[in-house]
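Breakdown of the fold
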Amino acid sequence: MKEYATDAAIEMHGVSKHYRYFTLDNISLKLPRGQIMGLIGANGAGKSTTIRILMGLVHHDSGHVQVLGHNMPAQQVAAKWNIGFVSEDMRLYDSMTLGWHIDFIRSIYPNWDAAYAQQLLKRFGLRSEQKMKGLSHGQRVKAALLLVLARKPELLVLDEPTTGLDPVARHEVLRELTNVMADEGRSILFSSHNTQDVEQISDQITFIDRGRIIDSMDKERYLDRWRRLRLEVPRGVDLPALPGIIGIRRDGSLAVATSNAFEPELASAYESTGVHVRRVENMTLEEIFIANVEHSRDEVEA
Ligand code: ATP
């Protein structure tokens, strides 16, 4: 079997998984060690399926998956020592207290950092004598995060960690994830449909839609390359199709062009055809996500 370099925390090559009504199609992605990747996709896009494959919980039909240098699912036992995984279906015992869970996990993982666990209890406003069944959704998410963070894993894999949290709790969780990265060489993959959360803390961003990765690159490049150009098209002038423009919306003499490969020369190229560029605007990650999804769906349907 082909060997992959281990400078990546996560590596997927041509991974596919077929369900009756859904296909995760030829997924390739790489998360370098020491970085945070946000996996953004709409409902049903395939985020959880991708994450479950990474964790060895779902077996892929084809392709290769390596996590921390271990082939998945074959070497999942070895890999999981160094992965902290939080998802909706994390098994917590309702009738037991948070303290019981802490003692249980500490007894298994030698890297458990008791002082850090105490800090997290305070920061997250949790009490160790609380039973899991009495916790609110947000408290439960924070408890689950505490249980994985204090193990000090090399890789955190978090399936929608901020979904359903209030703004204060979201801020606390995101701040803690940034703190985690103070230790060199640790990495985080987290999925979300909240682009603001992803924009706030990610180095790398991957967009997934209808089971396919539609774009993946570092955050700064997205914000740099995507622009909206507000154009004025004088009567008698044709709006040219320029490379780097992936969408045009026209309303009379006004038009809005979206570029995913913006260079200042693009504005001069319009001007040279007689089209006036009134404004070049930056786009938020949410706008980039939506434009990206629309463009990719148009291409598939074309
Ligand atoms: P959401 O944001 O809504 O949680 P998601 O991006 O995490 O969505 P997935 O949970 O990966 O999406 O689901 C993708 C698709 O795969 C869905 O259409 C779902 O019905 C399908 N799917 C997932 N697991 C199975 C399964 N065990 N059997 C059949 N279909 C499945």
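What comes next concerns the included structure. (Residues numbered from 1 in each chain as written. Predicted model: local features only at pLDDT ≥ 70, side-chain atom pairs only at ≥ 80, totals over all residues. Heavy atoms only, no water.)

**Digging into the site of the ligand**
The test is simple: Residues are counted as near a molecule or strand when any one of their heavy atoms sits within 4 Å of it. Side-chain atoms alone can form a polar contact between residues adjacent in sequence; in general such a contact is a pair of N or O atoms within 3.5 Å, and within protein one must be able to donate a hydrogen while the other accepts it. Under this grouping Gly is polar, as are all residues other than the nonpolar Ala, Val, Leu, Ile, Met, Phe, Trp, Tyr, Cys and Pro and the charged Asp, Glu, Lys and Arg.
Neighbouring the ligand are Tyr19, Phe22, Ala42, Asn43, Gly44, Ala45, Gly46, Lys47, Ser48, Thr49, Glu160 and His193. Residue Asn43 places a side-chain N or O atom 3.1 Å away from an oxygen atom belonging to the ligand. In the environment of the ligand, an oxygen atom lies 2.7 Å from a nitrogen or oxygen atom belonging to the backbone of Gly44. Considered class by class, the residues forming the shell around the ligand number four nonpolar, six polar and two charged.

**A look at the sheet that holds strand 3 (residues 36-41)**
Basically, it comes down to this: When DSSP finds at least two bridges between two strands, those strands are taken to pair. Strands are runs of DSSP state E lasting at least two residues, helices are runs of H or I lasting at least four, and both sets are numbered from the N terminus onward. Orientation is described by axes fitted as lines to C-alpha atoms, over the contacting stretch for helices, and by angles from 0 to 180 degrees between their N-to-C directions. Whether two residues are in contact is decided by their heavy atoms: any pair within 4.5 Å suffices.
Across the sheet, which stays open at both edges, the six strands sit in the order 6-7-8-3-9-10 with mixed pairing between neighbours. Strand pairing shows two members of the sheet lacking a second neighbour, strand 6 (83-86) and strand 10 (212-218), which therefore form its edges. Shown here is a sheet whose adjacent strand axes are inclined to one another by a mean of 15 degrees, direction ignored. Here strand 6 runs beside strand 7 (residues 155-159); their pairing, made up of four bridges, is parallel. Across the sheet, Val86 pairs through a bridge with Leu158, a residue of strand 7. Taken strand by strand, helix 5 (residues 137-149) contacts strand 6 and strand 7, and its axis lies near 175 degrees from that of strand 6.

**Structural notes on helix 3 (residues 98-108)**
Put simply, the test is: Per-residue accessibility, obtained with a 1.4 Å probe over protein chains only, is compared with the maximum for each type, and a residue is labelled buried under 20%, exposed over 50%, and partly exposed between these values. This arc corresponds to the set of directions leading from the helix axis out to the C-beta atoms.
Among the residues making up helix 3, those that are buried are Leu98, Gly99, His101, Ile102 and Ile105. Summarising the axial view, the buried residues of helix 3 lie within an arc of 155 degrees, below the 170-degree limit, and thus occupy one face. Contacts from the buried residues of helix 3 go to helix 4 (114-123) and helix 5.

**Regarding a negative patch on the surface**
Put simply, the rule is: Exposure above 30% relative accessible area and no salt bridge define the residues that can form patches, which grow by joining like charges within 9 Å and nonpolar side chains of Val, Leu, Ile, Met, Phe, Trp and Tyr within 5 Å. Per-residue and other accessible areas follow the Shrake-Rupley method at a 1.4 Å probe size, with only the shown protein chains counted as cover for residues. Here, a salt bridge means any side-chain nitrogen of Lys or Arg that lies within 4 Å of a carboxyl oxygen of Asp or Glu. Only four residue types enter the tally: Lys and Arg on the positive side, Asp and Glu on the negative side; His and the chain ends are excluded. Charged side chains are reduced to one point each, which is NZ for Lys, CZ for Arg, CG for Asp and CD for Glu.
On the surface, a cluster of negative charge is made up of Asp203, Asp218, Glu220, Asp224, Glu263 and Glu265. Mapped onto the secondary structure, Glu265 falls in helix 9 (residues 264-272). Taking the relative accessible area as the measure of exposure, Glu265 reaches 52% and is therefore exposed.

**Comments concerning unusual backbone geometry**
Of note, the amide linkage connecting Met72 to Pro73 takes the cis form, showing an omega dihedral of 5 degrees. With respect to the helices and strands, the residue Pro73 is situated in the loop between strand 5 (70-71) and helix 2 (76-80). For Asn26, which is not glycine, the phi torsion reads 60 degrees and is therefore positive. Within the element layout of this structure, Asn26 appears in strand 2 (residues 22-32). Residue Leu68 is not a glycine yet carries a positive backbone phi of 50 degrees. With respect to the secondary-structure elements, Leu68 resides in the loop between strand 4 (62-67) and strand 5. Of the residues examined, Leu68 reaches a relative accessible area of 10% and is grouped as buried.

**As for the packing of aromatic side chains**
The line we're drawing: The rule is short: rings of Phe, Tyr and Trp, with Trp giving its six-membered ring, pair when the centres are within 6.5 Å, and they are stacked under 30 degrees, edge-to-face over 60, tilted in between. Two thresholds decide whether a charge sits over a ring: the Lys NZ or Arg CZ must be within 6 Å of the ring centre and within 35 degrees of the ring normal.
This model, assessed by the stated rule, comprises five aromatic pairs. Among the aromatic residues, those joined into a ring-pair cluster are Tyr93, Trp100 and Phe104. The aromatic ring of Tyr109 is capped on one face by Arg151, whose charged end is 3.9 Å from the ring centroid. The ring of Tyr116 carries Lys152 above its face, with NZ or CZ at 4.6 Å from the centroid.

**With respect to the side chain of Thr195**
Along the chain, Thr195 falls in helix 7 (residues 195-201). Not counting the four nearest positions on each side in its chain, Thr195 is found in contact with Ile40, Leu285, Glu286 and Phe289.

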